[in-house]
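Residue strings, one per chain:
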Amino acid sequence: MKVVRFHAPGDVRFEDAPEPEAGPGEVKIRVRNCSTCGTDVKISKFGHHHIHPPRVMGHEIAGEIVQVGEGVDGWSNGDRVQVIAAIPCGKCAECERGRMTVCPNQESMGYHFEGGFAQFMVVPEKVLAVDGLNRIPDGVSFAEASVAEPLACALNAQNLARVGEGDDVVVIGSGPIGCLHVRLARARGAARVFLVELNRERLDMAANLVLPDAAICAAEVDPVEEILKLTDGRGADVIITAAASGKAQEQAIEMAARQGRISFFGGLPKDNPTITCDSNLVHYRELMIIGANGSSPAHNAEALNLVATGAVPVNDLITHRLPLESAIDAFGIVARGEAIKVTIEP
Ligand SMILES: [Zn+2]
Ligand SMILES: [Zn+2]
């Protein structure tokens with residue numbers, strides 16, 4: 001079969017690999033869609049300390065079952081499935097408390113296990129053990145189902161930041177994750193959703209699709225001033241940073257309303273992870289700064305449901321559909337910000 005495999009930073013190859021077989025406790029799928037994201041670009045350029053090459057990349061996975069391993073119940077050939085990306089152990093103190101997104105033993109598809117940029121893939125026993133294989137609801141395409149994983153991550157962040165009825169929400173960063181955040185915030189009853197982005201072209205492309213109440217280009221105006229203007233000086237109830245930018249995180253704190261919640265959704269570069277925070281703003285305004293680390297199996301199931309019910313449409317966010325041999329080109333498209341979501345159809 002054909003795969004896209006990471007060998008070293010800057011060395012990702014479209015090549016042949018032996019077709020895998022489902023062992024006991026495993027399920028083999030024919031991958032139909034594996035979507036790309038910024039993480040794939042990062043891995044292809046810099047590698048990752050959890051990846052021991054060669055490794056098939058890809059973690060936003062949907063396909064159909066073609067082989068059910070010994071001892072696996074409840075699944076049959078032909079079942080349409082979506083696979084979680086982050087695999088919690090299900091046994092540690094955090095998992096026992098239901099905090100699966102911060103499981104210290106977390107492993108990932110495309111990192112510890114062979115990923116979805118392949119014609120076939122084995123779903124590991126560990127995924128099945130934590131209910132990480134989801135049936136794709138009728139009416140949801142494989143491409144849409146592959147976007148359930150990033151939507152699940154957005155859902156985790158908005159649960160933690162308690163996005164709800166009547167909130168003014170700011171999303172900083174208009175990539176695919178930013179677009180999903182805008183849509184999800186609306187589905188949860190946000191009063192207004194504002195989108196902030198540095199790059200004018202990317203902002204316009206995203207705003208045309210997700211129609212925020214205001215689209216603010218941070219290269220042209222001061223986004224903090226703009227948000228204060230739009231909210232009569234109050235600031236926003238929730239600010240979500242979907243950009244790897246320390247400046248965006250600092251601005252997020254400055255534009256928060258009293259008791260505002262700030263979600264640091266996007267991480268910062270490893271070599272530049274510190275920001276300056278006016279601690280007195282946090283103190284006197286009772287701000288809450290919250291992290292977000294991936295998603296749990298339950299978030300993935302809920303995300304599929306949000307797509308199925310139409311609460312969060314994702315089909316129009318998939319702007320590019322490419323064959324497996326174009327996956328490496330796809331990373332370039334993602335890196336240059338020319339697309340919203342690029343999905344690979346192996
Ligand atoms: Zn991703
Ligand atoms: Zn755990």
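Treat the numbers as computed from the prediction; the structure is a model and nothing was measured.

Basis of the calculations
- Residues numbered from 1 in each chain as written.
- Chains lettered and ligands numbered in written order.
- Predicted model: local features only at pLDDT ≥ 70, side-chain atom pairs only at ≥ 80, totals over all residues.
- Heavy atoms only, no water.
- UniProt positions renumbered as here; feature names shortened; annotations may be inferred.
- Helix = DSSP H or I, 4+ residues; strand = E, 2+ residues; numbered from the N terminus.
- Phe/Tyr/Trp six-rings, centres within 6.5 Å; stacked < 30°, edge-to-face > 60°.
- Lys NZ or Arg CZ within 6 Å of the ring centre and 35° of its normal.
- Buried < 20%, exposed > 50% of the residue type's maximum accessible area, 1.4 Å probe, protein only.
- Arc of directions from axis to C-beta.
- Contact = heavy atoms within 4.5 Å.

Annotation from UniProt places "domain: Enoyl reductase (ER)" (unreviewed entry) at residues 7-344. With 31% helix and 26% strand, residues 7-344 has its two end C-alpha atoms placed 20 Å apart.

Here the structure, examined in full by the defined rule, presents one aromatic pair. Ring centres of Phe117 and Phe331 lie 5.9 Å apart, and the angle between their planes is 55°; this geometry places the pair in the tilted category. Note that Phe117 is positioned in the loop between strand S8 (107-108) and strand S9 (120-123) and Phe331 in helix H12 (residues 327-335), a separation of 214 residues in sequence. Seen from the ring of Phe120, Arg30 lies directly overhead, with NZ or CZ sitting 5.4 Å from the centre. Lying over the aromatic face of Phe142, Arg80 brings its terminal NZ or CZ to 4.9 Å of the ring centre.

Attention now moves to helix H1 (residues 38-46). Taken together, the buried positions of H1 are occupied by Asp40, Val41, Ile43 and Ser44. Here the buried residues of H1 occupy an arc of 165° about the axis, which is enough to place them on one side. The exposed residues of H1 that point more than 90 degrees off its buried face are Lys42 and Phe46. Tucked into the core, H1 has its buried residues touching strand S1 (2-8), strand S2 (11-16), strand S3 (27-35) and H12. With its phi angle positive at about 70°, Gly47 sits one or two positions after the end of H1.

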